[in-house]
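# Architecture at a glance
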Amino acid sequence: MSYGPKAAERIAGKTVFLTGASSGIGQATALELTEAAGGDLRIILAARRAERLEELKKEIEKRHERAEVLAFPFDVSKHREVAKTLDDRLPKEWANVDVLINNAGLVYGSERVGEYAQQDIDGIFETNVLGLISLTQYFMPKFRAQGHGDIVNIGSIAGLDPYPNGSIYCASKAAVRSFTHSLRKETLDTRIRVMEVQPGAVETEFSIVRNRGDVDKAKAVYKGTEPLVAEDIAEIITFNLTRRQNTVVADTLVFPSHQASAAHIYRKPE
Ligand code: NDP
Ligand code: 8X3
């Protein structure tokens, strides 16, 4: 896919820190961004599942001899430890990051308020909100010092259009939205670009995690619909990151063509 004549040179040589790289949108973004840079990219793949990261690292290196890839097993939900983990474990030669993609995120269950397990509420907020904030806190002073940096936060239609039985996840994505756009307003006097991408329905492992490993239930969510695939969002993230320095694609709401809001999804009758 071509992102325009200058896209490759705009991303080439950059160092990217990408969370949620072991699956779905993150995995697809790692592949798409490296491709867009013609392989001239340094990318840190962060997620909890180390084997998946190693597999993706091998795949990228097989496709692009020039690419430099660091598999970085990392639990973003341990938000109080983020700064220490990165200081201790991120090799010096990987410390100068140009692009932070806060993509890791999840939801457990579809409960009503009053029925949520505290552990699930904590897990959702620690991953989607507190982890994202801690990573951003960690990189912002570095971005300010180096005079540039791109941050892409993955929000959701759920952050704009809350729905029943999704209160905790919706609230977490509304928090991502507020945090992202406050930060953007704080950086207007810098060359730091802050962007939010808000997908609608994308078929990934997200639904399996939401349905606590029940694959049939996860698949049923998309019955009669044609959801987006991870690569669709990876293309949007890559497009946004390969615009001219003075261009900030601050907000991107992306649906499959038959979806208009969280609840308005056309389903083909059986
Ligand atoms: P996947 O379940 O396929 O991927 C989620 C990724 O997040 C995995 O790589 C997972 O890795 C990582 N992750 C989860 N918890 C942690 C953690 N504690 N520390 C580090 N990494 C973690 O789902 P998607 O690709 O769909 O989700 C990506 C983002 O897109 C999420 O923020 C999600 O909220 C958002 N989104 C998804 C939509 C959809 O319909 N799919 C729609 C709108 C937004 P691991 O388990 O190895 O740690
Ligand atoms: C995931 C999309 O609508 O299931 O963010 O919440 S939705």
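Residues numbered from 1 in each chain as written. Chains lettered and ligands numbered in written order. Predicted model: local features only at pLDDT ≥ 70, side-chain atom pairs only at ≥ 80, totals over all residues. Heavy atoms only, no water.

Under an unreviewed UniProt entry, the name given to the protein chain is NAD(P)-binding protein, and the source organism is Trichomonascus ciferrii. Listed under Sequence similarities (unreviewed entry) in UniProt, the entry text for the protein chain is "Belongs to the short-chain dehydrogenases/reductases (SDR) family." (UniProt positions renumbered as here; feature names shortened; annotations may be inferred.)

## Examining the pattern of salt bridges
When the charged atoms of two side chains with opposite charge come close together, those side chains can pair. All told, the structure shown has 16 salt bridges when counted by the stated rule. Measuring nitrogen to oxygen at the nearest pair gives 3.3 Å for the salt bridge that ties Glu68 to Arg42. With Glu68 in strand E3 (residues 68-73) and Arg42 in strand E2 (residues 42-47), this residue pair connects regions lying 26 residues apart in the sequence. Across the pair Arg52 and Glu205 runs a salt bridge, and its minimum N-O distance is 3.0 Å. (Salt bridge = Lys/Arg side-chain N within 4 Å of Asp/Glu carboxyl O. Helix = DSSP H or I, 4+ residues; strand = E, 2+ residues; numbered from the N terminus.)

## Some remarks on the sheet that holds strand E1 (residues 15-19)
Taken together, the seven strands give an open sheet; going across it, the order is E3-E2-E1-E4-E5-E6-E9, and neighbouring strands pair in parallel fashion. Each edge of the sheet is formed by a strand with only one pairing partner; in this case those strands are E3 and strand E9 (251-254). Here the strands of the sheet are splayed against their neighbours by 15 degrees on average, with no regard to which way each runs. Where strand E4 (residues 99-102) meets strand E5 (residues 149-154), four bridges bridge the pair, whose relative direction is parallel. (Pairing = 2+ DSSP bridges. Axes fitted to C-alpha atoms, helices over the stretch in contact; angles between N-to-C directions.)

## Notes on the nonpolar core
Within the largest apolar cluster, 34 residues are counted, with the highest numbers of intra-cluster contacts made by Ile43, Leu45, Ile60, Ile101, Ile237 and Leu241. Counting 23 residues, the second largest nonpolar core, distinct from the first, contains Leu90, Leu100, Leu135 and Met140. (Core = buried A, V, L, I, M, F, W, Y, C linked by side-chain atoms within 4.5 Å. Buried < 20%, exposed > 50% of the residue type's maximum accessible area, 1.4 Å probe, protein only.)

## A closer look at the pairing of E2
In terms of residue burial, E2 counts as a mostly covered element, since six of its six residues are buried. Alternating positions in E2 separate into two faces, Arg42, Ile44 and Ala46 on one and Ile43, Leu45 and Ala47 on the other, with burial throughout. Two strands pair when backbone bridges link them, and E1 and E2 are joined in this way by five bridges, in the parallel orientation. Residue Phe17 lies in a different strand from E2, and its bridge partner there is Ile44.

## Regarding the packing of aromatic side chains
Inspection of every chain in the model, using the stated rule, returns seven aromatic pairs. With a centroid separation of 6.0 Å and an interplanar angle of 70 degrees, the aromatic rings of Phe17 and Phe72 are classed as edge-to-face. One end of the pair, Phe17, is in strand E1; the other, Phe72, is in strand E3, and 55 residues separate them in sequence. There is no split in this pair, since Phe17 and Phe72 are both buried. Consider the rings of Tyr138 and Phe139, whose centres lie 5.1 Å apart with planes at 90 degrees: the pair is edge-to-face. What links up through ring pairs into an aromatic cluster is the set Phe17, Phe72, Phe74, Tyr138, Phe139 and Phe143. Above the plane of the ring of Tyr169 lies Arg210, whose end atom (NZ or CZ) is 5.8 Å from the centre. Taking the ring centre of Phe239 as reference, the NZ or CZ of Arg243 above it sits at 3.9 Å. (Phe/Tyr/Trp six-rings, centres within 6.5 Å; stacked < 30°, edge-to-face > 60°. Lys NZ or Arg CZ within 6 Å of the ring centre and 35° of its normal.)

## Considerations on helix H5 (residues 118-146)
The first and last C-alpha atoms of H5 sit 40 Å apart over 29 residues, in line with the 42 Å expected at 1.5 Å per residue. At Glu126, H5 shows its maximal kink, close to 45 degrees. (Expected span 1.5 Å × (residues − 1). Bend = angle between axes of the 7 residues up to and from the residue.)

## Brief notes about the UniProt feature "coiled-coil region" (unreviewed entry) in the protein chain
Taking the numbering used here, the UniProt-annotated feature "coiled-coil region" (unreviewed entry) corresponds to residues 43-70. Helix makes up 50% of residues 43-70 and strand 29%. Its end C-alpha atoms lie 6 Å apart.

## Notes on empty space enclosed by the protein
Overall, the coordinates contain one cavity of 30 Å³ or more when judged by the stated rule. Taken as a whole, the largest cavity encloses approximately 30 Å³ of empty space. Around the largest cavity sit Lys14, Asp98, His148, Gly149, Asp150 and Gln245, which together line it. (1 Å grid on protein atoms, 1.4 Å probe; cavity = no way out; pocket = protein on both sides within 12 Å on 5 of 7 lines; lining within 4 Å. Points joined across faces, edges and corners; volume = space filled by probe spheres on them.)

## What to know about the layout of surface pockets
The computed volume of the second largest pocket comes to approximately 150 Å³. Surrounding the second largest pocket, Gly224, Thr225, Glu226, Pro227, Pro256, Ser257, His258, Tyr266 and Lys268 form its lining. Considering only residue class, the lining of the second largest pocket consists of three nonpolar, four polar and two charged. (Nonpolar A, V, L, I, M, F, W, Y, C, P; charged D, E, K, R; others polar.)

## Here's the deal with the pairing of E9
A one-sided burial pattern is seen for E9, the buried positions being Thr252 and Val254 and the unburied ones Asp251 and Leu253. Here strand E6 (residues 192-199) pairs with E9 via four bridges, running parallel. For Pro199, the partnering residue across the bridge sits in E9 and is Val254.

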